[in-house]
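Take a look at the letters that make up each chain.
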Amino acid sequence: KPRVFSGIQPTNHLQLGNYLGAVKRFVDMQGSGIETLYCIVDLHAITVWQDPADLTRATRELAAGYLASGLDPAKSILFNQARVPEHTQLAWVFNCVARMGWLNRMTQFKDKAGKNRENASVGLFAYPNLMAADILTYHATKVPVGEDQKQHLELARDIAIKFNNDFGVDFFPVPDPIIEGVATRVMSLRDGSKKMSKSDPSDMSRINLTDDADTIAKKFRKAKTDPEPLAETVEGLAGRPEARNLVNIYAALGDSTAEAVIAEFGGRSFSEFKPKLADLAVAKLSPLSSEMSRLMQDPTEIDRVLEAGAERARTIAAPILKRTYDIVGIVT
Ligand code: TYM
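Residues numbered from 1 in each chain as written. Predicted model: local features only at pLDDT ≥ 70, side-chain atom pairs only at ≥ 80, totals over all residues.

### Thoughts on the overall build of the protein
Scanning the protein from terminus to terminus reveals 13 helices and 5 strands. For the protein, the C-alpha radius of gyration of 21 Å lies close to 20 Å, the compact-globule estimate for 332 residues. C-alpha atoms of the protein, sized along the principal axes, occupy 70 × 45 × 40 Å. Among the 332 residues that make up the protein, the fraction classed as buried is 43%. For the protein, the share of sequence-separated contacts (at least 6 apart) that also reach a separation of at least 24 residues comes to 77%. (Helix = DSSP H or I, 4+ residues; strand = E, 2+ residues; numbered from the N terminus. Rg over C-alpha atoms; globule rule 2.2 N^0.38 Å. Buried ≥ 20, exposed ≤ 12 C-beta atoms within 10 Å, placed from the backbone. Contact = placed C-beta atoms within 7 Å.)

So, in C-alpha cells, the structure goes:
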C-alpha cells in the first residue's frame, strides 16, 4: 500500500498558500487505498526563533486547521513530529550521509539565513536532512507539497540513493514529490513575484485561515493588480503575475481550472472580479475558521488526536529505524 507523508511548520497562522498548495490536497489524498501521514513539524519550526507560547498555540491551531479542513484521524495519521523521536534519530544518521556541498546549495537556507550566515542556527542548515528523515522513516514514496519544497525533496531523494549505495542495500525507497494543481505556488497579494508566506512582514500580502470575512474582502480589494481588465484567454495572462495569481486562487478555491475562470470572467475588470473572488473565498474559508476557533476553545480533543496519531506513527517508524541501525552496524 503506497504511503503518503507531508508536513507543515507550526509558525504564525495557516495561510491560503498552505491551504490550497498543501492541506486541501492532503484531504484529497485521504482514503482510496493509500496510507496518509500528516505531520506538524514543530522541530523544523524552531530552526528560527519561536516564542514558546506562540509555538504551543500554533501547533494546536495547525492541528485544528487540519481537522477543520477535513483531515480525519480515522483515515489519516495526524501527529506532531517531536512526539516521534525516530525522526530526529534518523535525521542524525542522514546528517552523516548528506554532504555539506548539497546543503550549501539549498536556496531556502540562503533566503532564510540572509546575509548573516554565520549567525544562522545549525538546525536551519541541517533542516533538509530532518525533512528527509520525516519522509523516509515511514518509507513514504508520495509527498504532496507546494513548488517551494521541490529542492528539499530532491535532497531527500539523493539521501535515500546515497544511503542505499553506501551500504549496498535497497532499503530506502526514493520518494516522489507530488506538485499538482493550479495552486502549487500561490503568490503574495502585494507582489506577484514573491510567494505568499506565513512569515511575510505584511499581513496584507496573505489571507490567513483565521481572517474574518471583512478582512478577506479587504485584502482582495487591495490586492495589487495591473490596470488592464482580465485577459480573454489563459495565454493572455502571461507576464501578468498578479492577474494570473488571482485567477489561480479562484480556480483552486472552486475546484476548477484557470480556463474555466477565464471563460467566466475574461475581459471583465478587476473591480468586478475581486468581489466575486472575495465571496468565493469567504464561502469556502469561513466554515473552516469557525470550526478552527471552536476546536481551539478546548484543546483537549486536539491534544488527544495528536497523541494517538503519534502512537500509530511510531509503530511504523520504530522498526524502520531499527533496521537502519542494523544496516549501519549500530548495536541496539
Ligand atoms: P511550510 O510549512 O513552509 O509549508 C507547508 C506546505 O505549504 C506549501 N506552501 C505553499 N504552496 C503554495 N503556495 C504557497 N505560497 C505556499 N507556501 C507554502 C509548502 O510547499 C508546503 O507543502 N519543509 C516544509 C515542511 C516539511 C515537510 C516535511 C514537507 C517538513 N518535513 C516532509 C513534506 C515532507 C515546510 O517548511 O513547509
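### Overview of the UniProt feature "binding site: L-tryptophan" (unreviewed entry) in the protein
According to UniProt, the "binding site: L-tryptophan" (unreviewed entry) feature falls on D134. By secondary structure assignment, the location of D134 is in helix α7 (residues 122–136). Given 28 C-beta atoms within a 10 Å radius, D134 is considered buried. Not counting the four nearest positions on each side in its chain, D134 is found in contact with F5, G7, C39, V41, Q81 and H87. (UniProt positions renumbered as here; feature names shortened; annotations may be inferred.)

### Focus: the pairing of strand β3 (residues 76–80)
Looking along a regular strand, one sees side chains alternate from face to face of the sheet. The buried count for β3 comes to 5 of 5 residues, which makes it a mostly enclosed element. With 5 bridges connecting them, strand β2 (residues 35–40) and β3 associate as parallel partners. Opposite L37, over in β3, you have I77 as the bridge partner. (Pairing = 2+ DSSP bridges.)

### A short note on α7
Its 15 residues give α7 an end-to-end C-alpha distance of 22 Å, which sits within 8% of 21 Å, the value for a rise of 1.5 Å per residue. Taken together, the buried positions of α7 are occupied by Y127, P128, N129, L130, M131, A132, A133, D134, I135 and L136. (Expected span 1.5 Å × (residues − 1).)

### A closer look at the domain arrangement of the protein
The domains assigned to the protein are domain 1 (3–179 + 298–328) and domain 2 (203–294). Taking only C-alpha atoms, the centre of domain 1 and the centre of domain 2 are 30 Å apart. If you look at the interface, domain 1 gives 11 residues, while domain 2 gives 10 residues. If you list the elements that add at least two residues to the side of domain 1 that touches domain 2, you get α1 (16–29) and α3 (52–69). (Domains from an automatic or database assignment.)

### As for the pairing of strand β1 (residues 3–8)
The buried fraction of β1 amounts to 5 of the 6 residues, a majority that puts the element mostly inside the structure. Bridging between β1 and β2 involves 6 bridges; their strand directions are parallel. Looking at the pairing, G7 lines up with C39 of β2. For the crossover from β1 across α1 to β2, the handedness is right-handed. (Right-handed = clockwise from strand over helix to strand, strands pointing away.)

### What about unusual backbone geometry?
One non-glycine residue, H139, lies in positive phi territory at about 50 degrees. In this structure H139 comes out as partly exposed when scored by C-beta crowding, with 17 C-beta atoms within 10 Å. Positive phi is not limited to glycine here, since D255 has a value of about 50 degrees. Mapped onto the elements, D255 comes out in the loop between α10 (241–253) and α11 (258–265). We classify D255 as exposed; it has 12 C-beta atoms within 10 Å.

### Regarding helix α12 (residues 270–297)
Counted at 1.5 Å a residue, the expected span for α12 with its 28 residues is 40 Å, and the 38 Å between its end C-alpha atoms agrees. At L285, α12 shows its strongest bend, of approximately 35 degrees, with the proline P287 following within four residues. Burial in α12 covers these residues: F270, F273, L277, A278, A281, L285, L288, S289, M292 and L295. Turning to α12, the residues buried within the fold contact α3, α9 (213–221), α10, α11 and α13 (300–328). (Bend = angle between axes of the 7 residues up to and from the residue.)

### Considering the site of the ligand
In the vicinity of the ligand lie 26 residues, with Q9, G17, G21, V145 and G146 positioned nearest. The set of elements that each furnish at least two residues to the shell around the ligand consists of β1, α1 and α7. Its residues assigned to classes, the shell around the ligand comprises 11 nonpolar, 11 polar and 4 charged. (Near = placed C-beta within 6 Å. Nonpolar A, V, L, I, M, F, W, Y, C, P; charged D, E, K, R; others polar.)

### Considerations on the environment of K284
Mapped onto the fold, K284 is located in helix α12. By C-beta crowding, K284 is classed as partly exposed, having 17 other C-beta atoms within 10 Å. Linking K284 and G254, residues 30 residues apart in sequence, is a C-alpha distance of 8.3 Å.

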